Amino acid sequence: MHTVVVGTSGVTASDVLAVARAGARVELSQEAVRALAAAREIVDALAAKPEPVYGVSTGFGALATRHISQELRAQLQRNIVRSHAAGLGPRVEREVVRALMFLRLKTVCSGHTGVRPEVAQTMADVLNAGITPVVHEYGSLGCSGDLAPLSHCALTLMGEGDAEGPDGTVRPAGELLAEHGIAPVELREKEGLALLNGTDGMLGMLVMALADLDSLYKSADITAALSLEGLLGTDKVLAPELHAIRPHPGQGASAANMLAVLKGSELTGHHQDDAPRVQDAYSVRCAPQVAGAGRDTMAHARLVAERELASAVDNPVVLPGGTSQAFGTGGGRVESNGNFHGAPVAYVLDFLAIAAADLASIAERRTDRLLDKNRSHGLPPFLADDAGVDSGLMIAQYTQAALVSEMKRLAVPASADSIPSSAMQEDHVSMGWSAARKLRTAVDNLTRVIAIELYAATRAIELREGLAPAPASQAAIEAVRKAGVQGPGPDRFLAPDLAAADAFVRAGHLVTAVERVTGPLA
């Protein structure tokens, strides 16, 4: 099994995916263990002093003005975890929780949190044992990080609350830790706070969304090309020289992908035949411009994610400077900050939801055009076998339209909202967790929208008798038929076909089938 080693300088997106989705093992580097011990030395030194230090010897949030005596500090750390584990609603997906825990461990290992090495090791042990804390949908405002979700994870480290075992059964966390030989942690000064105060949930969901969207944008280029063929459109609008004079990188990549899929097609260039048209409709002609803008949005979001993956997000943080020997001659100090604010991540999560909604919208318009006998250039109504007796794909487009409509609602930015909390101490929040949650739904819906376009476009191409599709298109048609998605014929129970198309796109099989002919797509 693949092992991810966590050091002091952050992790990569591939590391997150390996741990969250593939169950990779996690190890702490020796560098990280040394940094953890050094930062802890600073916290211990400050904890021994009479002066109050936020997060070390004070309360939290609006209660930060109270100085906490030494005999109450362990209780304080336990209490912040217990009281902040206040989530409600459905359980969050296992991969999200694993990403959340792993990214918190990433920050802990930076040496800027003051957490002891043994606590970090316990976090790795819980991940490696396949124990997944029960985290709920609601509870994060995306400022002071994802407090409630991270608190539920910290509760598991303490042996409290519920967690899912590697067999998928939810049980008391203490029982699961005992079965795997993991001792519950006894939190000390600052450790409870350090385990809660980060953007890890929203960041993990951003990383996974980007991975999914990378495949979906390639799939969308393929289905756009298939629809162009089904509509007897022209591929001249995809010429590289046209896109070079408007040099958005994503636009050029999408056009190149479509051109690669269409190479060798007998179905393109018939727009001047029986019912001549000067230009194809926008949903066909402007496909690279719309998909390309989404690709460029992804590039910006990926840059934000990379910066965040290299960050240490906590409040307060341990920094070099001061009088401690922990950081060598420079010493060290603990400073409050606002780095936990989720705005950078929240904005791009919302931006991606907007781009996904528009990509779905243009795909639905192409599907509708394939089904309309007045605009499909010779195809039967709704691609039906015997129109009137058969309804064809009429209601498949209804389903697609319903998905697109929901995606438009999900495109309303969560980050434009803010609601004060903690007696107005935390008076501006990012709502980044909410942005991430709705993006996950949007990505899920986008997969279904593309699958329905694939279903319609492949049927349309097969109904164009006497004209051969491009070799890449034929490869896509053959692969989707082998996956259980049936071709033209009389009406049948449609939901299984749509579900099979959805699974085909979701697993990346559409891209794989086409790339066997075209080579790697951009």
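As shown above, the structure is provided for reference.
Cut-offs applied
- Each residue is numbered by its place in its chain's sequence as written, counting from 1.
- With pLDDT at 70 or above as the cut-off, local features in this predicted model cover only qualifying residues; side-chain atom pairs require 80 or more to be listed or tallied, and sums for whole chains, interfaces and linings still use all residues.
- To obtain the side-chain values, all non-hydrogen atoms of the structure were used and water was disregarded.
- Note on geometry: axes are C-alpha line fits, over the in-contact stretch for helices, and angles between N-to-C directions span 0 to 180 degrees.
- Each helix corresponds to a stretch of at least 4 residues labelled H or I by DSSP, and each strand to a stretch of at least 2 residues labelled E; elements are numbered beginning at the N terminus.
- Angle categories: roughly parallel below 35 degrees, roughly antiparallel above 145, roughly perpendicular from 65 to 115, and oblique for all the rest.
- Left-handed describes a crossing whose near helix is turned anticlockwise from the far helix by less than a right angle; the clockwise case is right-handed.
- Any two residues whose heavy atoms approach within 4.5 Å at even a single point are treated as in contact.
- Any residue that is not Ala, Val, Leu, Ile, Met, Phe, Trp, Tyr, Cys, Pro, Asp, Glu, Lys or Arg is counted as polar, Gly included; the first ten are nonpolar and the last four charged.
- Throughout this description, the term nonpolar core refers to a set of buried Ala, Val, Leu, Ile, Met, Phe, Trp, Tyr and Cys residues connected via side-chain atoms within 4.5 Å.
- Exposure is judged per residue with a 1.4 Å probe applied to protein chains only, and the accessible area is read against the type maximum: over 50% gives exposed, under 20% gives buried, and values in between give partly exposed.
- Salt bridge criterion: a side-chain nitrogen from Lys or Arg within 4 Å of a carboxyl oxygen from Asp or Glu.
- Under the convention used throughout, the expected extent of a helix is 1.5 Å for every residue step, that is, one less than its residue count.
- To be clear, the arc concerns the directions from the helix axis to the C-beta atoms.
- Two strands pair under a simple rule: DSSP has to find at least two bridges between them.
- Nitrogen and oxygen atoms within 3.5 Å of one another constitute a polar contact, given that in protein one can donate a hydrogen and the other can accept it, and given that sequence-neighbouring residues count only through two side-chain atoms.

(A) Examining the packing of helix α9 (residues 200-230) against helix α14 (residues 343-371) more closely. The geometry of α9 relative to α14 is characterised by a closest axis approach of 11 Å and an angle of 20° between their N-to-C directions. Accordingly, the angle class assigned to the pair α9 and α14 is roughly parallel. In this structure, the crossing between α9 and α14 has a hand that is left-handed. Residues Met202, Leu203, Leu206, Leu210, Leu213, Tyr217, Ala220, Ala224, Ser227 and Gly230 of α9 form the contact with α14, whose participating residues are Val345, Val348, Leu349, Leu352, Ala355, Ala356, Leu359, Arg366 and Leu370. A class-by-class count of the residues in the contact of α9 with α14 yields 16 nonpolar, two polar and one charged.

(B) Spatial organisation of the nonpolar core. Core analysis: the largest hydrophobic core is formed by 150 residues, its most contacted members being Phe102, Leu105, Leu195, Leu206 and Leu446. Sequence-distant contacts of Leu105, that is, excluding residues within four places in its chain, are made with Val6, Val26, Leu28, Ala120, Met123, Ala124 and Leu127. Core analysis: the next-biggest nonpolar cluster, separate from the first, contains nine residues, Val43, Leu46, Val53 and Val318 among them.

(C) Representation of the pattern of salt bridges within the structure. Applying the stated criterion across every chain, the model contains 34 salt bridges. For Arg440, the salt bridge is made with Glu95, and the minimal N-O distance between the two is 2.9 Å. One end of the pair, Arg440, is in helix α16 (residues 432-463); the other, Glu95, is in helix α4 (residues 94-108), and 345 residues separate them in sequence. Accessibility classification places Arg440 together with Glu95 in one group, the buried group. Two residues, Asp200 and Arg104, come together in a salt bridge whose shortest N-O distance is 2.9 Å. Of the two residues, Asp200 sits in helix α9 while Arg104 sits in helix α4, which places them 96 residues apart along the sequence. A single salt-bridge network, built from bridges that share partners, covers Arg40, Asp44, Arg73, Arg116, Glu118, Arg188, Glu189 and Glu191.

(D) Here's a closer look at the environment of His300. You can see His300 is positioned in helix α13 (residues 287-309). Residues His300 and Pro52, spaced 248 residues apart in sequence, show a C-alpha to C-alpha distance of 41 Å.

(E) Here's a closer look at helix α3 (residues 73-84). Compared with an ideal rise of 1.5 Å per residue, which puts 12 residues at 16 Å, α3 spans 16 Å between its outermost C-alpha atoms and is within 8% of the ideal. Buried residues of α3: Arg73, Leu76, Gln77, Ile80 and Val81, and no others. Relative to the axis of α3, the buried residues are bounded by an arc of 130° and lie together on one face. Those residues of α3 that are buried are in contact with α2 (30-47), α6 (147-157) and α8 (191-194).

(F) Spatial organisation of the environment of Gly201. Topologically, Gly201 is positioned in helix α9. The sequence separation of Gly201 and Phe493 amounts to 292 residues, and the corresponding C-alpha distance is 40 Å. Discounting residues that sit within four places of it in the chain, Gly201 has contacts with Leu100, Asp146 and Trp433.

(G) Region of the structure containing the sheet that holds strand β7 (residues 170-172). Read across the open sheet, the three strands follow the order β4-β6-β7; overall the sheet is antiparallel. This sheet does not close on itself; its edge strands, each paired only once, are β4 (132-133) and β7. With three bridges connecting them, strand β6 (residues 162-164) and β7 associate as antiparallel partners. Counterpart to Glu164 in the pairing with β7 is Val170.

(H) Up close: the side chain of Arg464. On the secondary structure map, Arg464 appears in the loop between α16 and α17 (471-482). A distance of 2.7 Å separates a polar side-chain atom of Arg464 from the backbone oxygen of Ser376. Of note is the side chain of Arg464, whose polar atom sits 2.7 Å from the backbone oxygen of His377.

(I) Looking closely at unusual backbone geometry. Looking along the chain, the bond that leaves Asn315 and enters Pro316 is cis, with omega of -5°. You can see Pro316 is positioned in the loop between α13 and β8 (317-320). Positive phi values are uncommon outside glycine, yet His377 reaches one of about 60°. As for its placement among the helices and strands, His377 is situated in the loop between α14 and α15 (394-410). Although it is not a glycine, Met431 adopts a positive phi angle of roughly 55°. On the secondary structure map, Met431 appears in the loop between α15 and α16.

(J) Up close: the packing of α4 against α6. Interhelical geometry of α4 versus α6 gives an angle of 85° and a closest axis separation of 10 Å. Classified by the angle their axes make, α4 and α6 are roughly perpendicular. Contacts between α4 and α6 involve Val97, Leu100, Met101 and Arg104 on the former and, on the latter, Pro149, Leu150 and Cys153. Considering only residue class, the contact of α4 with α6 consists of six nonpolar, no polar and one charged.

(K) Expanded view of the environment of Arg73. Within the fold, Arg73 resides in helix α3. Given a relative accessible area of 2%, Arg73 falls into the buried group. In sequence terms Arg73 and Ala472 are 399 residues apart; their C-alpha atoms lie 65 Å from each other. Sequence-distant contacts of Arg73, defined by excluding residues within four places in its chain, comprise Ala47, Val56, Ser57, His67, Ile68 and Glu189.

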